[in-house]
Amino acid sequence: MIDRTIEQSIAPLLHSQKAIIIMGARQVGKSTLLSKMLSERNDVLWLNGDDPDTQTLFQSITSTRLRTLLATYRIVVIDEAQRINDVGLRLKLITDQVPDVQVIATGSSSFDLAGKVSEPLTGRKREFTLFPLTFAEMVAHTNLLDELRLLPHRMVYGYYPEVVSTPGDENAVLKELASSYLYRDILSLDGIGKPDKVVRLVQALAYQIGSQVSYNEVGQLIGLDPKTVERYVDILEKSYVVFRLGSFSRNLRNELKQSRKIYFWDLGIRNAVIGNLAQVESRTDVGALWENLCIAERMKQLNYRDSLAHSWFWRTQQQKEIDYIEEGNGQLHAFEFKWNERKGSVRPPAAFVTAYPDATFQVVTPTNVEEFLL
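Just so you know, these numbers come straight off a predicted model, no measurement behind them.

1. As for helix 16 (residues 286–304)
Turning to step 1, where the next piece is worked out: The terminal C-alpha atoms of helix 16 lie 27 Å apart, and with 19 residues this matches the ideal 27 Å at 1.5 Å per residue to within 8%.
Turning to step 2, where the next piece is worked out: Once helix 16 finishes, Asp-306 follows within two positions and takes phi at roughly 55°, a positive value.

2. Considering the packing of aromatic side chains
Turning to step 1, where the next piece is worked out: This model, assessed by the stated rule, comprises 14 aromatic pairs.
Turning to step 2, where the next piece is worked out: Centre to centre, the rings of Phe-352 and Tyr-356 are 5.1 Å apart; their planes meet at 45°, and the pair counts as tilted. Of the two residues, Phe-352 and Tyr-356, both sit in the buried class.
Turning to step 3, where the next piece is worked out: Taken together, the ring pairs connect Phe-131, Phe-243, Tyr-263, Trp-265 and Tyr-304 into an aromatic cluster.
Turning to step 4, where the next piece is worked out: Sitting over the face of the ring of Tyr-215, Arg-260 holds its NZ or CZ atom 4.0 Å from the ring centroid.
Turning to step 5, where the next piece is worked out: Across the ring face of Phe-313, the terminal group of Lys-261 is positioned such that the distance to the ring centre comes to 5.0 Å.

3. Some thoughts on the sheet that holds strand 9 (residues 321–328)
Strand pairing in a sheet takes place through backbone hydrogen bonds and is either antiparallel or parallel in direction.
Turning to step 1, where the next piece is worked out: Across the sheet, six strands lie side by side as 7-6-8-9-10-11; this open sheet has mixed pairing. The sheet terminates laterally at strand 7 (260–264) and strand 11 (360–364), the two strands that pair on one side only. The mean inter-strand angle of the sheet, taken between neighbouring strand axes irrespective of direction, is 35°.
Turning to step 2, where the next piece is worked out: Examined bridge by bridge, strand 8 (residues 310–315) and strand 9 share five bridges and lie antiparallel to one another. Across the sheet, the residue bridging to Trp-314 is Ile-322, located in strand 9.
Turning to step 3, where the next piece is worked out: Running at roughly 120° to strand 6 (residues 242–247), helix 14 (residues 226–238) makes contact with strand 6 and strand 7 of the sheet.
Turning to step 4, where the next piece is worked out: On top of the sheet, helix 16 reaches strand 6, strand 7, strand 8, strand 9, strand 10 (331–337) and strand 11; it is set at about 10° to strand 9, its chief contact.

Procedures and definitions
- Residues numbered from 1 in each chain as written.
- Predicted model: local features only at pLDDT ≥ 70, side-chain atom pairs only at ≥ 80, totals over all residues.
- Heavy atoms only, no water.
- Helix = DSSP H or I, 4+ residues; strand = E, 2+ residues; numbered from the N terminus.
- Expected span 1.5 Å × (residues − 1).
- Phe/Tyr/Trp six-rings, centres within 6.5 Å; stacked < 30°, edge-to-face > 60°.
- Buried < 20%, exposed > 50% of the residue type's maximum accessible area, 1.4 Å probe, protein only.
- Lys NZ or Arg CZ within 6 Å of the ring centre and 35° of its normal.
- Pairing = 2+ DSSP bridges.
- Axes fitted to C-alpha atoms, helices over the stretch in contact; angles between N-to-C directions.
- Contact = heavy atoms within 4.5 Å.

In structure tokens form, the structure reads like this:
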């Protein structure tokens, strides 16, 4: 079994009298992680919010019944907790009334989006996000050389656990993930009036990774107004399908200030959405795939490290651009991503160097990517 980085952060919090909330898209391994962590315990109650019986149980449960139900347990795990009405209040009831029982709740997509736990559990919870597998986790599971050799494969099929663990069946697994799980929670949300438009939006965004995204242009393409496009993108982001990078602007008048790029947390999902699982040798979008992989992996690692670093891209009105900017501990770092190793000698734009003379600059290629991702 592949060890997950956040296990090291969660384990010390067991029985800390705070609810542990683990969020992330479906099928990224939340239940598997907890099964591994709690496998040797016989005092765990497992519940699933997708089950009607569990939903009914929590509809009008009292503190007295809770104490009776949990009398022989030290931990209660509620998978897909977002399916339970007023789940935040239910978790608060357990935390307050049965303090000797550790509550662990997992949720996909709308769990965080609906704000079901934030207010009721203020000061009573610790939240974590689990992503698809990372480059670093796979290096620890196998070795660095093997994982470097597999980078072209990961750029096509991604890092979802089932995809990684079933070599040879990647196409079938990704088809199921992209069709059955990707939209399951999103399309069940209130306010999604045009589900077909969400699907088309995801496809449109998939073709624009590495490029600036205009909500107006995307809206014209799929038949939605810009505000609705922005709202749907926000839903997709909070559902762990995509994430946004804003533009870095501090010194120059001609720096773009309101632009954004949108990337996918997993390239296998991205490629399945557009129906292109061709190998990288025959693809025209290999540069965009490499950029997405590097930035997504960096963002996962920053999240797992609880880093306070901020991330952007940089571009001027004259189309001078740097793929990725990161600021941490008062230091600015700039990165360009080049799949073609012969382009590794790229220099930063003169305008950037003049405006930010203390910033570091690095070109990330397959020959040195481990420096960026480990």
